[in-house]
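Coordinates in review
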Amino acid sequence: MASTNPQPQPQPRPGPHQPAGATAAGPAPDTPGRIEAHGIDHITEAERHGRPRELFSIWAAANVNYLSLVIGGALVLMGLSLWQAFAVIVVGNLFWLLTGYLAISGPASGTPSEVITRAMYGIRGNRVNNAVTGWTISVCYFALNLAAAATAAVALIEKTGLSTGAATKAAVVVVIAVLTLAISVYGHATIVRLYLPMTLALTAAFAVVAAAVLARTDFSYAPAEPLTGTELWATLLAGVTLIASGPLSYTTSADFSRYLPRTTPARATAGWTALGGFLPGVVVCFLGACAATVLDMSNPQSALEGILPSWFGPVFLLALVLGTIAVNAMTAYSAGLALQAVGLRIRRSLSVIVDGVVAVSLTLYALLVSDFLGTVSDVLQLTVILLGPATAVYATDILLRRCRYDGRQLTDESPGSPFWYTGGVNPAGAVALLAGAAAAALCVDTLYTGPLAEALGGLDLSLPTGLLVSSVLYALLSRRTPPAQPTASGT
């Protein structure tokens, strides 16, 4: 039981997770235009601020983007009718509810997801988890999105008649990366401030696209040879998995909610996060599907430019770049936290720059030397095998603990920590994650066909299988080793 007359605790000195500007009296305030002082350290209640509705624009800005148009068009190219594609879009985007649910752990603990998952995997086990599901996958997504933004920017330059050789492409990649990383380095408060006007600007741009697309859409569209039976169900499941891979890639949603006061209603945190991803996800994906009823969406950028007003062409390309900057700034922000959580003892701002250097290097190598990113893109199609189980373990832990997390205990990395478990690893989390990933791998049908998918005629059940196996197994194993509970000290 906590003492009724606690002794004053000494203030921590600035450490490797705090930048210059953090003093012995505490880190600098989280304000726009000022480099964020916090990394993976705990945020005290006195430093908490903001309202949950701010989360809507953060997630909306990252999802009003070109990729959603491409995915929506891909569903029709896969052989679905327009309304079958719409049903897939809605079901796939419902996985944003899971992203919202994970976000409620941020205000509860005052720490980012990269630290909260120590409760699931242990101090050492979580370092491996962050190295793979946190840092590596995030940097690959950063590089892929950066390549897409560079392609749109180069197309914009070509409209001016300027040369777009290797040097120009390299310069474009670097400039976009610098703009993206600047937002990430300044961090949380700057993201909150910038993403509302970015959401409004992107919404206005895509409204013009919507007007042009909907005026030409064939709402009765159906393929000449409609899919039936097993082939139809296989395509529907593949489409849902494709859509769901977006929200499932954001197992770090607590990174953007951890500054909210601990008393923030969980429903509001989850709701605004989920709505910010779901609403634009459905609308923009559906626009892509509508466009595919009358356009060749195998080359969506050129196809869409052909129906847009001539004056709007450059604006459209700028919107594509802006949308990619929005999603990549969030990706780099979380990747920087993941790098710290792996054990690299540098400030968050420097870890973000490390992420950017690696991503830029991958992008330049891909654009100028080889098709390396094509290979990475193929590999990332398989990430749902790992991200689905990781999401399931995280969500199940929140449920088992009733979202009670002690931020100070979570930041204790010593062998005396309640989250040290056995040799620094929580067997329940490690086994549940690996078993879920293995089960999902048996059911996948993408770059390769798993034995269970082959036996079912190509039905890809990797997503529901991975989620179910990991969640059930983690709950059962945690019964044998009850989750550590926060002490009376709270957060």
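In what follows, the accompanying structure is described.

Each value, and the rule that gives it
All residue numbers here refer to positions counted from 1 along the written sequence of the relevant chain. It should be noted that, the model being predicted, local features are given only for residues of pLDDT at least 70 and side-chain atom pairs only at 80 or more, the latter also being counted only at that level, while totals for whole chains, interfaces and linings use all residues. Values reported for side chains reflect all heavy atoms of the structure, with hydrogen atoms and water molecules removed beforehand. Patches here: salt-bridge-free residues with over 30% relative accessible area, like charges joined within 9 Å, nonpolar side chains (Val, Leu, Ile, Met, Phe, Trp, Tyr) joined within 5 Å. With residues, only the protein chains shown are counted as cover, and all accessible areas are computed by Shrake-Rupley using a 1.4 Å probe. We define a salt bridge as a contact between a side-chain nitrogen of Lys or Arg and a carboxyl oxygen of Asp or Glu at a distance within 4 Å. Secondary structure elements follow DSSP: runs of H or I of four or more residues count as helices, runs of E of two or more count as strands, with numbering from the N terminus. Residue burial is assigned from relative accessible area. The probe radius is 1.4 Å, only protein chains are included, and a residue is buried under 20% of its type maximum, exposed over 50%, and partly exposed in between. Here, expected helix span is obtained from the residue count minus one, scaled by 1.5 Å. We define the bend at each residue as the angle formed by axes fitted to the 7 residues ending at it and the 7 residues starting at it. Residues enter a nonpolar core if they are buried and are Ala, Val, Leu, Ile, Met, Phe, Trp, Tyr or Cys, with the set joined through side-chain atoms within 4.5 Å. By definition, residues are in contact when any of their heavy atoms lie within 4.5 Å. Angles shown run from 0 to 180 degrees and are taken between the N-to-C directions of axes, each axis being a line fitted to C-alpha atoms and, for helices, limited to the stretch in contact. Between 65 and 115 degrees an angle is taken as roughly perpendicular, under 35 as roughly parallel, over 145 as roughly antiparallel, and anywhere else as oblique. Crossing handedness is defined as follows: a turn of the near helix away from the far one that is anticlockwise and smaller than a right angle gives a left-handed crossing, while the clockwise case is right-handed. In this count, Pro and Cys sit with the nonpolar residues alongside Ala, Val, Leu, Ile, Met, Phe, Trp and Tyr, while Asp, Glu, Lys and Arg are called charged and the others, Gly among them, polar.

Details of a nonpolar patch on the surface
A cluster of nonpolar side chains, namely Trp-272, Leu-275, Leu-279 and Val-283, defines an oily patch on the protein surface of about 330 Å² accessible area. Mapped onto the secondary structure, Leu-275 falls in helix α12 (residues 266-292). On the basis of relative accessible area, Leu-275 is assigned to the partly exposed category, the value being 35%.

Regarding helix α8 (residues 123-159)
Between its first and last C-alpha, α8 extends 52 Å over 37 residues, near the 54 Å set by a 1.5 Å rise per residue. Along α8, the sharpest kink reaches roughly 35°, centred on Asn-130. Note on α8: the residue one or two positions beyond its end, Gly-161, has a positive phi of about 90°.

Observations concerning unusual backbone geometry
A negative phi angle characterises most non-glycine residues, just as the trans form characterises most peptide bonds. The residue Arg-402 is not glycine, and still its phi comes out positive at about 60°. With respect to the helices and strands, Arg-402 occurs in the loop between α17 (384-401) and α18 (407-410). Positive phi is not limited to glycine here, since Tyr-421 has a value of about 55°. When you line up the elements, Tyr-421 lands in the loop between α18 and α19 (427-443).

A closer look at the nonpolar core
Counting 123 residues, the largest nonpolar core has Met-120 and Tyr-195 as its most contacted members. At 16 residues, helix α14 (residues 313-342) tops the list of elements feeding residues into this core. Dropping the residues within four chain positions of it, Tyr-195 is found in contact with Ser-57, Ile-58, Ala-61, Ile-183, Ile-325, Ala-326, Ala-329 and Met-330.

Section: the packing of helix α9 (residues 166-186) against helix α15 (residues 348-368)
One can describe the packing of α9 onto α15 by two numbers: an axis separation of 10 Å at closest approach and a directional angle of 160°. Taken as axis vectors, α9 and α15 run roughly antiparallel relative to one another. Crossing angle aside, the handedness with which α9 passes α15 is right-handed. The residues of α15 that touch α9, namely those facing Ala-166, Lys-169, Ala-170, Val-173, Ala-177, Leu-181, Ser-184, Val-185 and Tyr-186, are Arg-348, Ser-349, Val-352, Ile-353, Gly-356, Val-360, Thr-363, Leu-364, Leu-367 and Leu-368. A breakdown of the residues in the contact of α9 with α15 according to their chemical character gives 13 nonpolar, 4 polar and 2 charged.

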